[in-house]
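Take a look at the letters that make up each chain.
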Amino acid sequence: MSDRPCLGGIAYAFADEARSVAELGAAGLLTSDPAVLEGFGFGHAHVAVAESPYQLAVAAAGRLLEERRIAPESVDLLLYGGTPGPLAQQPADVPWNGGLLQTTARFKYPAARLQYELGLERATVLGLDQLACVTLFGAVRVARALCLTEGLQRVLCVASEFFPAAAGREAIFNCTSDAAVALLVERSGPRNRIAGAAQVTKGYYWDCDALRDEIVASYFPTAVHVVERALAVAGWLPDEVDWVIPHNVSRTSWEILMGLLGLPRARLWAGNIARRGHALAGDNFINLRDALQGGDVRPGEKLLLFAYGYGAHWTALAVEA
Amino acid sequence: MLFLTGATGLLGGAVLSRMLRADRALRVAVLVRDPARWRGIERVSPVAGDLCAPGLGLAAEVRAALARDVDLVLHAAADVVFSRPLDIARATNVEGTRRVLELAHAWPRVERVLYVSTAFVAGRRTGSIAEAEGNGVAGWVNAYEQSKWEAERLVRAATRPWVILRPSTVVCDDPAGGAVTQYNAVHHAVRLLHRGLVPMIPSAPDATVDLVPADYVAGAIAALAVHEGLAGRTFHLCAGAGALAVGDLLQSTWEVFARDAAWRRKALPRPVLADLATYALLERSIDATGDEPLQRALRGLSHFAPQLALPKRFETAGADALLGAPAPPVSAYWSRVVEHLVAVRWGMAA
């Protein structure tokens, strides 16, 4: 069997506590009127209180290994991203302490700990950072490339992203959720072949607070561009896409993007936007798991995953289910 | 004597200069709000008045003198701001035209009334647009278009012989230099593009942008104003077949912008072309966020950009035949216009 890098499994773990958009607004955790966010399709978000990002990462990765019956020692590489270093290991309700980054405590990395605690004895570890909501897309690209070039058989990609409990829950009109996502990239497999990937980074937008309006304006044209590139790599025409598996940003923004791509809205798998909110850790993959498990996506269907990492990163994946 | 409205505007002023040069015996009365501010031009008499005032606000003795002398009326004044509410646009463009026509009717020597309209009275119609009356059924993109169409109806019903001249959007002074004296919505849109604040443009795949230089339009009006035998005819003063495809216009614009290394390094994306429904969804979405800079940017586009999603081609055969040549193709000078705008920073350069 020739190499067909694929997504060999997905699992996720949300923070336990779910709050409605109205509750978040009443608690002063939103910058916009809750009605605006509800108008954009948001209903609930998961808010970590006692959990730490690391705990959710362990939960997601452990669940994946267990469900897929993966022997931990069979994992060649662990790619970890998300809430940085030691901050990942403290509960969300403990105020973030910048001092942690100024001492040797900064080297208490969650990735190494995860390798140890999950028993990934053979796995080497790489960390991914600074990609915001597209960490897992970056991980998939790296994992796929290493499968093809170094012959790795199995790469475990994990991302866990939190906002501190005291922080707001809104990021540019999106209601955010605390969660961890684990996915397995395998060198070959019968399902969920990675048919194409593309990423565009526009470093000009690094100062995302100062350039917010420019970023909003550039979002759609760059999204269309990166999607077209990913589909071109896959050899697909836009109209051949059976399902668009979104990141859970404003539903309206997705309707606009579907219009620009010339795709009917019915092909957008959007139910989780209201239920889950926007999990920075990688809600495209949460949605993909739910869509697969719910039977909405059938084997062989062509899937498009697009996400934007706030600031400078637009990414897309073409996956053949 | 020629009675001219709009002489203080870019087009009206250029028409005046040309007509004075062409006819050394011509005398002109120009309607201005403040004669004291009128630059002195030989054979031109400023008369105080206002399109929005009854009888154009002309003093009785001035009105009597004009009644004795005027044999040609050229009505070029208009409120050309696309974003005006309809009642405001009508006050100047419709009621002002009504008052001009009433005077033309009352002045016994008037042989002809020329009305400077706009090609965009075609509004939301698509396809080939003939140099003739439109029925207005399709509606309009903005109040300016509607008010000019309503004014045309008054002109067509006038008692004096009339000629209607319909320029498209004037985008520069002359094609050779690309300089811009009078800024309008198109220049504002190019500025928004330069700043990276335009996510999408409502446009059909086959849409074109019809633009004309002021010197072409002024020359055409001056020539047709004195041409005999045109009563009851309408002429498009447009690029017509020389209009530029929206995609080509964006490409050309980006090429000029990208000559600046600092701008190029930003890698600003070119706007995508969207259908009207998708563009409207974006507008509603931005409105819901209350994001003022983007709201301002979109509002600046929304009063005219939807025309790009209503592809049309203005027929120009009648005007071309009389003038001997079509308007210069937009592709021949658009880059120079953008170069000029960038160089003078949209009028902000010292």
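You'll find the structure just up there.
These figures come from a predicted structure and were not determined experimentally.

## What to know about helix α10 (residues 276–289) of chain B
Line of reasoning, step 1. The terminal C-alpha atoms of α10(B) lie 20 Å apart, and with 14 residues this matches the ideal 20 Å at 1.5 Å per residue to within 8%.
Line of reasoning, step 2. Taken as a whole, α10(B) has its buried residues at T278(B), Y279(B), L281(B), L282(B), S285(B), I286(B) and T289(B). The buried residues of α10(B) occupy an angular sector of 155° when the element is viewed end-on, so they sit on one face. In this structure, α10(B) carries A277(B) and R284(B) as exposed residues pointing more than 90 degrees from its buried face.
Line of reasoning, step 3. Residues of α10(B) that are buried sit in contact with α6 (212–234) and α7 (251–261) of chain A together with β9 (200–202), β14 (272–274) and α11 (292–302) of chain B.

## Description of the pattern of salt bridges
Line of reasoning, step 1. For the coordinates displayed, the defined rule picks out 21 salt bridges over all chains.
Line of reasoning, step 2. Residue E255(A) is joined to R265(A) by a salt bridge in which the shortest nitrogen-to-oxygen separation is 3.7 Å. Remark: R265(A) occurs in the loop between α7 and α8 (271–276) and E255(A) occurs in helix α7; sequence separation between them is 10 residues.
Line of reasoning, step 3. A relative accessible area of 18% means that E255(A) is categorised as buried.
Line of reasoning, step 4. A salt bridge links D79(B) to R84(B), with the shortest nitrogen-to-oxygen separation between them at 2.7 Å.
Line of reasoning, step 5. Taking the relative accessible area as the measure of exposure, R84(B) reaches 34% and is therefore partly exposed.

## Regarding the interface of chain B and chain A
Line of reasoning, step 1. Listed as interface residues are 25 residues of chain B and, on the opposing side, 22 residues of chain A.
Line of reasoning, step 2. For the chain B and chain A pair, buried surface summed over both sides reaches about 1,800 Å², with 71% attributable to carbon and sulfur atoms.
Line of reasoning, step 3. Contact with chain A buries area across many residues of chain B, yet K266(B), P269(B) and L281(B) alone supply 25% of it, more than any other trio.
Line of reasoning, step 4. Summed over the shared surface of chain B and chain A, the result is 1 salt bridge.
Line of reasoning, step 5. Between D291(B) and R212(A) there is a salt bridge whose closest N-O contact spans 3.1 Å.
Line of reasoning, step 6. The interface formed by chain B and chain A holds 2 residue pairs in polar contact (both at pLDDT 80 or more) in total.

## Details of the sheet that holds strand β12 (residues 233–237) of chain B
All names here are of chain B.
Line of reasoning, step 1. Overall, parallel pairing links the 7 strands, which are arranged β3-β2-β1-β4-β5-β7-β12 in an open sheet. Because the sheet does not close on itself, it has two edges, and the strands there are β3 (44–48) and β12. Each strand of the sheet is rotated relative to its neighbour by a mean of 20°, with strand direction disregarded.
Line of reasoning, step 2. Its contacts with the sheet put helix α7 (residues 214–225) on β4 (72–75), β5 (112–116), β7 (162–167) and β12, and the angle it makes with β12 is roughly 160°.

Rules and cut-offs
Residues numbered from 1 in each chain as written. Chains lettered and ligands numbered in written order. Predicted model: local features only at pLDDT ≥ 70, side-chain atom pairs only at ≥ 80, totals over all residues. Heavy atoms only, no water. Helix = DSSP H or I, 4+ residues; strand = E, 2+ residues; numbered from the N terminus. Expected span 1.5 Å × (residues − 1). Buried < 20%, exposed > 50% of the residue type's maximum accessible area, 1.4 Å probe, protein only. Arc of directions from axis to C-beta. Contact = heavy atoms within 4.5 Å. Salt bridge = Lys/Arg side-chain N within 4 Å of Asp/Glu carboxyl O. Buried area = accessible area lost by both parts, 1.4 Å probe. Polar contact = N/O pair within 3.5 Å; in protein donor to acceptor, adjacent residues only side chain to side chain. Pairing = 2+ DSSP bridges. Axes fitted to C-alpha atoms, helices over the stretch in contact; angles between N-to-C directions.

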